[in-house]
Amino acid sequence: MIKIENLNFSYKNESDENIEYTHALKSLSLEINDGEFVAILGHNGSGKSTLAKLLNGQIFPTSGDIWIAGMNTKDEDKIWDIREKCSMVFQNPDNQMVATTVEQEVAFGPENLQVENPKLRERVDEAIKLVGMEDYVKKSPSELSGGQKQRVSIAGVIAMLSDCIIFDEPTAMLDPQGRADVMNIIKTLNKDMNKTVVHITHYMEEAAMADRIIVLNEGRKALEGSAREVFSKVDEMKALGLTVPQVTEIAFKLRKDGYRFDKLPLNIEEFLELI
Ligand SMILES: Nc1ncnc2c1ncn2[C@@H]1O[C@H](COP(=O)(O)OP(=O)(O)OP(=O)(O)O)[C@@H](O)[C@H]1O
Ligand SMILES: [Mg+2]
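This structure is a prediction, so every number in the text was calculated from the model and none was measured. (Residues numbered from 1 in each chain as written. Chains lettered and ligands numbered in written order. Predicted model: local features only at pLDDT ≥ 70, side-chain atom pairs only at ≥ 80, totals over all residues. Heavy atoms only, no water.)

Here we take up the overall build of the chain. Each helix and strand in the chain was counted, giving 11 helices and 10 strands. Rg of the C-alpha trace for the chain: 20 Å, near the compact-globule value of 19 Å for 275 residues, within the 12% margin. In terms of its C-alpha atoms, the chain occupies a principal-axis envelope of roughly 65 × 50 × 35 Å. The burial tally for the chain puts 49% of its 275 residues in the buried class. Considering only contacts within the chain whose residues lie at least 6 apart along the sequence, 62% involve residues at least 24 apart. As displayed, the chain offers around 13,800 Å² of accessible surface, 45% of which is attributable to carbon and sulfur atoms. In the chain, the 32 positive side-chain charges and the 45 negative ones have mean positions that sit 4 Å from each other. (Helix = DSSP H or I, 4+ residues; strand = E, 2+ residues; numbered from the N terminus. Rg over C-alpha atoms; globule rule 2.2 N^0.38 Å. Buried < 20%, exposed > 50% of the residue type's maximum accessible area, 1.4 Å probe, protein only. Contact = heavy atoms within 4.5 Å. Areas by Shrake-Rupley, 256 points an atom, 1.4 Å probe, with all protein chains shown as cover. Lys, Arg positive; Asp, Glu negative; His and termini not counted. Charge placed at Lys NZ, Arg CZ, Asp CG, Glu CD.)

If you want it as structure tokens, here you go:
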């Protein structure tokens, strides 16, 4: 679904006196398979959002290449196909709301793709049902809670039938219930609907749900592997300014104290079993 080869990206800031470059991504290569759920972790400023914008064709590589389903993001003729194939959900749902009702909001994406009724109606209804917002179709997005707004944004990309969805900290502004709801939807999209998911997050418990974790540090890939592989490297994660799920860390400390765990747990259920 996604192939990145030797990607470099620099922001250019010009003022009257000088030009400054920020090298946000450096020599990054990676592949993400169709149907995979990949979490991207990294300290503030490590380049996660830059990567998300590059994948969605909002900005373009300074050097190197990105292919989305075989289409190079530098190919201007393909830009709308790329954005349709690989759509994006942002951290702040307020920044992506454009319409006056929930159903218009969800219809916005597919309408832009020239989808017409009755197909449009069908897609919108299905997407709204999937995120559990059917009681709110006529409501204004401004009346919704943060978690509800984020569910509406996700319905918008579901209605576009994107095969790949990039989430840039979609739960960062939500309360625990909103976060749990959004994570359940993301899991359904990946497991039941076979969508490729790239999930950028600061929550280790969310990353633990992914098939694979990629850790960025100062624009480079620092660690990569299954959640268990990455979170077993507790000291390395700390050196990168990151943590691991709480239960993983407790078990890690108990193991240092002599408890014999043959694996480190990723969630409370696994931890209870080990104990
Ligand atoms: N528009 C911009 N102009 C100049 N520099 C930028 C711009 N956007 C980001 N940067 C810089 O690029 C680097 C990577 O930023 P990016 O937003 O991709 O990080 P991030 O991993 O998403 O961080 P966070 O966890 O805080 O969201 C940082 O050094 C940042 O200051
Ligand atoms: Mg960011």
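Quick look at the pattern of salt bridges now. Note on pairing: side chains with opposite charge can pair once their charged atoms come close. Applying the stated rule across the entire model yields 16 salt bridges. Between Asp 125 and Arg 121 there is a salt bridge, and its shortest N-O distance comes to 2.9 Å. Residue Asp 125 and its partner Arg 121 are located together in helix α4 (residues 119-130), separated by four residues, close to a single helical turn. By relative accessible area, which is 37% here, Arg 121 ends up partly exposed. What you see here is one network of salt bridges that share partners, running through Glu 36, Arg 212, Lys 221 and Glu 224. (Salt bridge = Lys/Arg side-chain N within 4 Å of Asp/Glu carboxyl O.)

In terms of nonpolar packing, the biggest core is built from 53 residues, with Leu 41, Ile 154, Ile 213, Val 215, Phe 231 and Met 237 touching the most fellow members. In terms of residue count, the dominant contributor to this core is helix α5 (residues 146-159) (six residues). The residues touching Phe 231, leaving out its near neighbours within four places in the chain, are Leu 41, Met 204, Ala 207, Ala 208, Ile 213, Met 237, Thr 243, Val 244, Pro 245, Thr 248, Leu 264 and Leu 266. By size, the runner-up hydrophobic cluster in this structure holds 29 residues, among which are Ala 52, Cys 86, Ile 166 and Leu 216. (Core = buried A, V, L, I, M, F, W, Y, C linked by side-chain atoms within 4.5 Å.)

Here Val 131 shows up in the loop between α4 and α5. Judged by relative accessible area, which is 4%, Val 131 ranks as buried. Sequence spacing of Val 131 and Val 234 is 103 residues, and the spatial spacing of their C-alpha atoms is 35 Å. Discounting chain neighbours no more than four positions away, the residues touching Val 131 are Arg 151, Ile 154, Ala 155, Ile 158 and Ile 185.

Moving on, we come to the pairing of strand β9 (residues 212-217). Two faces belong to every sheet, and in a regular strand the side chains alternate between them. With five of its six residues buried, β9 lies for the most part within the structure. Judged from the five bridges that link them, strand β3 (residues 37-42) and β9 form a sheet pairing that is parallel. In the strand pairing of β9, Gly 42 is matched with Leu 216. Relative to strand β10 (residues 220-225), β9 runs antiparallel, the two sharing five bridges. Paired with Val 215 across the bridge in β10 is Leu 223. In this antiparallel pair of consecutive strands, β9 and β10, the connection spans two residues, and Glu 218 shows a positive phi of 45°. (Pairing = 2+ DSSP bridges.)

On to the side chain of Glu 206. Secondary-structure assignment places Glu 206 in helix α7 (residues 204-207). The buried category is assigned to Glu 206, whose relative accessible area is 4%. Separated by 2.7 Å, the side chains of Glu 206 and Thr 171 make a polar contact. Discounting residues that sit within four places of it in the chain, Glu 206 has contacts with Thr 171, Arg 179, Met 183, His 199 and Thr 201. (Polar contact = N/O pair within 3.5 Å; in protein donor to acceptor, adjacent residues only side chain to side chain.)

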